[in-house]
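Architecture at a glance
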Amino acid sequence: MQIDTPNGIDEQGFVRIGGIEQWISIRGEDLANPVVLELHGGPGASTAIFGPRTRSWEKYFTIVRWDMRGTLKTLGRSGPEGQGEMTFNRIYADAIEVTDHIRTRLRADKIVLLGHSYGSAFGLRLAREFPERYSAYVGTDQNIHDAGRDDSVHQALLTRLRAAGKRKELAAVEALHPDERQWTTRERAMHAKLLATSDPLTLDTMKKIVMGSLWFSPLHSLRELGRFLKGMTLSEQITQATAGFDDWADGTKLELPFFLFQGEKDVLTSPELARRFFDDVQAPVKSFALIEDCSHFAAFRRPERFLELLLAHVRPLVAGESPVAEAPDPVGWSDAQPSGPHRATDEVIVEADLA
């Protein structure tokens with residue numbers, strides 16, 4: 001994990017954001033590289049634990065990781081009672097403040113915004129509202145909200161529970177209100193937990209990649225194992241605010257490059273729904289990729305594949321470089337297409353499951 005390059009950076013510490021001390025990490029081998037601000041998922045699930053798995057990213061990007069209020073090190077700094085207002089809007093305002101802090105600290109006019117899982121709900125809205133602050137938006141495990149119209153993820157969960165003979169869990173899910181916007185915070189958390197634990201690939205990823213990374217992270221202590229889980233429980237309340245969000249209604253026209261790199265077998269954030277939204281987005285440049293053999297947490301289960309996508313599509317655009325050829329991919333590529341009503345020179349390369 002040591003960074004000893006002449007123009008590198010390795011800073012971790014607390015910054016006063018939104019009236020409280022919040023933890024921010026900045027790491028990279030060359031400050032001339034594009035800056036990437038990660039918005040973690042959960043909510044309340046820090047991505048800083050994946051530092052060793054994503055060490056190679058820091059050769060090509062300066063990676064900024066931030067523990068939002070209610071999350072891990074920020075939670076540990078002042079405890080649950082010191083987190084202040086735990087709402088989507090409060091954390092959204094924090095994200096704007098963190099963005100401008102990083103732009104000032106690293107003297108970067110624009111930075112790449114990378115939204116993971118629930119963090120992508122913040123990210124997509126920031127990208128819509130503040131294109132002058134961000135050079136590109138990258139979503140992975142992308143949450144697409146449609147005001148509850150698509151229930152394919154829910155129906156797939158029912159199918160898995162029936163097939164596994166999980167009668168108690170099945171009864172609990174069947175008892176939920178037909179309109180997910182009416183679910184309580186606890187019901188939403190229960191549903192999300194069953195989504196993950198009922199799928200073998202996702203459960204394996206949670207055990208080996210998520211908890212394994214937390215256990216061995218050089219930035220975290222054994223005491224913080226429990227704090228990680230407590231932070232997710234504390235942060236559950238935030239999800240109530242997004243229950244009625246509708247990304248189509250909020251707008252599909254973006255003024256910055258737009259990328260979605262999704263796990264092809266994701267049972268929590270549907271790759272099919274993400275692709276439908278992607279198809280409707282108008283952006284100067286856009287690209288969609290499926291990360292094969294992955295469910296949720298795709299960027300961390302296959303960090304080198306994720307880096308290949310960043311190097312092939314994102315870095316050349318934001319750093320003004322020639323595109324980097326990707327390694328051969330069994331999923332395949334379609335022909336380049338124009339992105340919405342833009343000029344013919346504004347192209348989109350779409351990676352699709354040709355099967």
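Small disclaimer: the values here were computed from a predicted structure and weren't measured. Here, residues in each chain are numbered from 1, in the same order as that chain's written sequence. Predicted model: local features are reported for residues with pLDDT of at least 70 only, side-chain atom pairs are reported and counted for 80 or more only, and whole-chain, interface and lining totals are derived from all residues. Side-chain metrics rest on all non-hydrogen atoms present in the structure, leaving aside hydrogens and water.

**Things to note about the nonpolar core**
In this description, a nonpolar core means a group of buried Ala, Val, Leu, Ile, Met, Phe, Trp, Tyr and Cys residues linked to one another through side-chain atoms lying within 4.5 Å. Partly exposed residues are those whose accessible area sits between 20% and 50% of the maximum for their type, while under 20% is buried and over 50% is exposed, using a 1.4 Å probe and protein chains only. Formed by 46 residues in total, the largest nonpolar core has its most connected members in Ile102, Phe122, Leu126 and Phe258. Secondary structure follows DSSP: runs of H or I at least 4 residues long count as helices, runs of E at least 2 residues long count as strands, and numbering of each begins at the N terminus. Of the residues forming this core, the biggest block, seven residues, is contributed by helix H2 (residues 88–105). Ignoring anything within four residues of it in the chain, the contact list for Leu126 reads Leu39, Tyr92, Ala95, Ile96, Leu113 and Tyr134. Leu72, Val112, Ala299 and Phe306 belong to the second largest nonpolar core, which has 31 residues in total. By definition, residues are in contact when any of their heavy atoms lie within 4.5 Å.

**Re the packing of aromatic side chains**
The aromatic pairing rule takes the rings of Phe, Tyr and Trp, using the six-membered ring of Trp, and pairs them if the centres are within 6.5 Å, calling planes under 30 degrees apart stacked, those over 60 edge-to-face and the rest tilted. Applying the stated criterion to the full structure yields 15 aromatic pairs. Measuring from centroid to centroid gives 6.0 Å for Tyr137 and Phe258, while their planes differ by 15°, and the two rings are stacked. You can see Tyr137 sitting in strand E6 (residues 134–140) and its partner Phe258 sitting in strand E7 (residues 258–263), a full 121 residues away along the chain. A single burial state applies to Tyr137 and to Phe258, both of which are buried. Arranged with centres 6.3 Å apart and planes meeting at 75°, the rings of Phe258 and Phe277 form a pair that is edge-to-face. Here Phe277 lies in helix H10 (residues 271–280) and Phe258 lies in strand E7, a separation of 19 residues in the sequence. Residues Phe258 and Phe277 agree in their burial class; the two are buried.

**Looking at the confidence of the model for the protein**
pLDDT measures how confident the predictor is about each residue, on a scale from 0 to 100. Here the protein shows a mean pLDDT of 90. Residues at 70 or above account for 90%. Low pLDDT, under 50, characterises residues 328–355; the stretch is placed with 60 contacts to residues that sit more than four places away or in other chains.

**Topic: the side chain of Glu58**
Tracing the backbone shows Glu58 in the loop between strand E3 (35–39) and strand E4 (62–67). If near-sequence neighbours (up to four positions away) are discounted, Glu58 is found in contact with Ile3, Arg27, Gly28, Glu29, Asn33 and Ile63.

**Details of unusual backbone geometry**
Look at the link from Gly42 to Pro43: it is a cis peptide, with omega at -10°. By secondary structure assignment, the location of Pro43 is in the loop between E3 and E4. At Arg107, a position not held by glycine, the phi torsion is positive, near 50°. Its place among the elements puts Arg107 in the loop between H2 and strand E5 (111–116).

**Focus: the packing of helix H5 (residues 167–174) against helix H6 (residues 185–197)**
Whenever a helix is involved, its axis is fitted only over the stretch in contact; in every case the axis is a line through C-alpha atoms, and angles between N-to-C directions fall within 0 to 180 degrees. Relative to each other, H5 and H6 sit at 135°, their axes nearing to 11 Å. With respect to their mutual orientation, H5 and H6 come out oblique. Crossing of H5 against H6: the hand is left-handed. In this structure, H5 contributes Glu169, Ala172 and Val173 to the contact, and H6 contributes Met190, His191 and Leu194. Its residues placed into classes, the contact of H5 with H6 shows four nonpolar, one polar and one charged. An angle below 35 degrees is treated as roughly parallel, one above 145 as roughly antiparallel, one from 65 to 115 as roughly perpendicular, and anything else as oblique. Put simply, a crossing is left-handed when the front helix is turned counterclockwise from the back one by less than a right angle, and right-handed when it is turned clockwise. Amino acid classes used here: Ala, Val, Leu, Ile, Met, Phe, Trp, Tyr, Cys and Pro are nonpolar; Asp, Glu, Lys and Arg are charged; the rest, including Gly, are polar.

**Quick word on the pairing of E6**
Most of E6 is tucked away: seven of the seven residues are buried. Note on pairing: two strands pair once DSSP finds at least 2 bridges between them. Pairing geometry for E5 and E6, over six bridges, is parallel. Considered in E6, the bridge of Gly115 is made with Gly139. The pairing of E6 with E7 spans three bridges and is classified as parallel. When the bridges of E7 are listed, Val138 appears paired with Phe259.

**With respect to H6**
How far a helix is expected to stretch is found by multiplying one less than its residue total by 1.5 Å. Between its first and last C-alpha atoms H6 spans 18 Å; for 13 residues at 1.5 Å apiece the expected length is 18 Å, and the two agree. In this fold, the buried residues of H6 make contact with helix H4 (152–163), H5 and helix H7 (200–216).

**Observations regarding the pattern of salt bridges**
Each salt bridge in this description consists of a side-chain nitrogen of Lys or Arg and a carboxyl oxygen of Asp or Glu lying within 4 Å of one another. Scanning all chains against the criterion turns up 31 salt bridges. The closest approach of N and O atoms between Asp94 and Arg69, which form a salt bridge, is 2.6 Å. Here Asp94 is found in helix H2, whereas its partner Arg69 is found in the loop between E4 and helix H1 (72–78), with 25 residues between them in sequence. For Arg69, a relative accessible area of 2% translates into the label buried. Note that Asp150 is salt-bridged to Arg276, the shortest N-O span being 2.4 Å. Residue Asp150 is found in the loop between E6 and H4, and its partner Arg276 is found in helix H10; the two are separated by 126 residues along the sequence. Through salt bridges that share partners, Asp10, Arg27, Glu29, Arg55 and Glu58 make up one connected network.

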